[in-house]
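What the coordinates show
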Amino acid sequence: LQAMSGDEDDWLALKPQEPSPSQCCGSGCKPCIYDIYEKELAQWETAKAKQDKSLLVEKEQSSNSELNPDTFTAFSISSVEQLTEDTYQYKFELPGNSSLQLSLGQHIVLRGVVNGLEVQRAYTPISPGNAGGYFEVLVKCYEAGLMSQYIKTWKKGDVVFWRGPFGGFPYRPNKHGELLMLASGTGLAPMLPILQSITDDEDDETFVTLVGCFPTFDRIYLKPLLQDLARYWNIRIFYVLSQETSLENLPWSYQENTYTGRLNEDLMKMIINSCRRKPFVLICGSSAFSEDMSRYLKAAGIEDSSCFVF
């Protein structure tokens, strides 16, 4: 009997732990961390019933530096750049000249441990999906955010764990006459790979109107990249700065395409009327931002079927 209970303890030690709510990033990943838990639990139950530990699959981390939706893979940080007071751009190394092979707008999930609590959050790489040897992520750190506390400790050479990819926008060249991109803050992230794929493809004649919403001019991310993109014949970029009161302090090159205040229903109608074709709309920001945008779009006559929310 003694031997039995010792064995029982061994099996209990091998039983997968149910994830805590903080471990789910809430982005609708397939598989979600809960799906993985269900699968591992079923494997554990089968192995226990057959009393055969070899049926337990080694899980945890893959070491071949290939992104995988089911397990976390280690990637090393090659550079850290502060863009604004609370926003950073992190560059991660990929072995050789390999690329993440993400399709457009796909996100990946980061795992962090803060005060013994595991947290997972989704981020969209801003580097082109076929970028060789690296990928880049834009992260806004929040004062009280659990994951932010972990990210703020990152420095060059640190190793962090990602899994994915998930989601994405099924973009096809020339499928839409015009894309209207509504991005708030780091909501810019999934828009950039799509913009870059359009400007890189000479045969893609999709018009793009990007509306970037930021508090102030200083807090617009990646200005040089956006200015470069705006030089293309088919790309227009507008800025809406909620906390700026006057355009006079802005460089003149920004004055004609920048609005102060918030992106409201009237401004939305004006932007849609200025689109060259009826737009298909991409939205990324906080849930409050997405709800407001959907409401203004409806008022402007754009149906839900012509919108995609990241």
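Residues numbered from 1 in each chain as written. Predicted model: local features only at pLDDT ≥ 70, side-chain atom pairs only at ≥ 80, totals over all residues. Heavy atoms only, no water.

**Describing helix 7 (residues 265-274)**
Taken as a whole, helix 7 has its buried residues at L267, M268, I271 and I272. Projected onto a plane normal to the axis of helix 7, the buried residues spread over an arc of 135 degrees and lie on a single side. Residues of helix 7 that are exposed and angled more than 90 degrees away from the buried face: D266 and N273. Considering only its buried residues, helix 7 is in contact with strand 8 (178-184), strand 9 (207-214), strand 10 (235-241), strand 11 (258-260) and helix 8 (287-299). (Buried < 20%, exposed > 50% of the residue type's maximum accessible area, 1.4 Å probe, protein only. Helix = DSSP H or I, 4+ residues; strand = E, 2+ residues; numbered from the N terminus. Arc of directions from axis to C-beta. Contact = heavy atoms within 4.5 Å.)

**Considering the packing of aromatic side chains**
Counting across every chain of the model gives 18 aromatic pairs. Seen in terms of ring centroids, Y88 and Y90 are 6.1 Å apart; in terms of plane orientation they differ by 25 degrees. Their pairing is stacked. Note on Y88: relative accessible area 17%, which makes it buried. A relative accessible area of 2% means that Y90 is categorised as buried. Taking the centre distance of 5.0 Å and the plane angle of 55 degrees together, the rings of F169 and F308 count as tilted. Of the two residues, F169 is situated in the loop between strand 7 (159-166) and strand 8 and F308 in strand 13 (residues 307-309); the sequence distance between them amounts to 139 residues. The class for F308 is partly exposed, based on a relative accessible area of 23%. Connected via pairs of aromatic rings, a cluster forms that spans F75, Y88, Y90, F92, Y123, F135, Y150, W154 and W162. Its guanidinium or amino end placed over the ring of F72, R111 lies 4.7 Å from that ring's centre, counting from NZ or CZ. In this arrangement the basic side chain of R111 is found over the ring face of F161, its NZ or CZ atom lying 5.0 Å from the centre. (Phe/Tyr/Trp six-rings, centres within 6.5 Å; stacked < 30°, edge-to-face > 60°. Lys NZ or Arg CZ within 6 Å of the ring centre and 35° of its normal.)

**A short note on the packing of helix 4 (residues 191-200) against helix 5 (residues 223-230)**
Think of two packed helices as two axes; the pair is described by the angle between the axes and how far apart they sit. For the pair helix 4 and helix 5, the least separation of the axes is 11 Å and the interaxial angle reads 35 degrees. For the crossing formed where helix 4 meets helix 5, the hand is left-handed. Between helix 4 and helix 5, the residues in contact are L192, L195, Q196 and T199 and L225, L226 and L229, respectively. Tallied by class, residues from the contact of helix 4 with helix 5 come to five nonpolar, two polar and no charged. (Axes fitted to C-alpha atoms, helices over the stretch in contact; angles between N-to-C directions. Left-handed = near helix turned anticlockwise from the far one by under 90°. Nonpolar A, V, L, I, M, F, W, Y, C, P; charged D, E, K, R; others polar.)

**Points about the domain arrangement of the protein chain**
Each assigned domain of the protein chain is listed with its residue range as follows: domain 1 (73-166) and domain 2 (178-309). A separation of 24 Å is found between the C-alpha centroids of domain 1 and domain 2. Domain 1 puts 16 residues into the contact, and the matching count from domain 2 is 12 residues. Across the interface of domain 1 and domain 2, roughly 1,200 Å² is buried in total on both sides, 69% from carbon and sulfur atoms. Here domain 1 is connected to domain 2 by two salt bridges. A salt bridge links R219 to E85; the shortest N-O distance between them is 3.7 Å. (Domains from an automatic or database assignment. Buried area = accessible area lost by both parts, 1.4 Å probe. Salt bridge = Lys/Arg side-chain N within 4 Å of Asp/Glu carboxyl O.)

**Describing the sheet that holds strand 10**
One open sheet accounts for six strands, arranged 11-10-9-8-12-13; its pairing is parallel. Taken across any chain shown, the strands that pair with only one partner, and hence form the sheet edges, are strand 11 and strand 13. For this sheet, the mean inter-axis angle between neighbouring strands, taken without regard to orientation, is 15 degrees. Examined bridge by bridge, strand 8 and strand 12 (residues 279-284) share six bridges and lie parallel to one another. (Pairing = 2+ DSSP bridges.)

**Some remarks on the pattern of salt bridges**
Per the counting criterion, the structure on display carries 11 salt bridges. A salt bridge links E178 to R276, with the nearest nitrogen and oxygen atoms 3.0 Å apart. Here E178 is found in strand 8, whereas its partner R276 is found in the loop between helix 7 and strand 12, with 98 residues between them in sequence. The shortest N-O distance in the salt bridge between R231 and D228 comes to 2.5 Å. We classify R231 as exposed; its relative accessible area is 64%. On the accessibility criterion, D228 (41% relative accessible area) is partly exposed. Three or more residues joined by partner-sharing salt bridges are found here, namely E85, D86, K140 and R219.

**Examining the environment of T216**
Here T216 is to be found in the loop between strand 9 and helix 5. Exposure remark for T216: the relative accessible area of 18% places this residue in the buried category. Sequence separation of T216 and L100 is 116 residues, and the distance between their C-alpha atoms is 33 Å.

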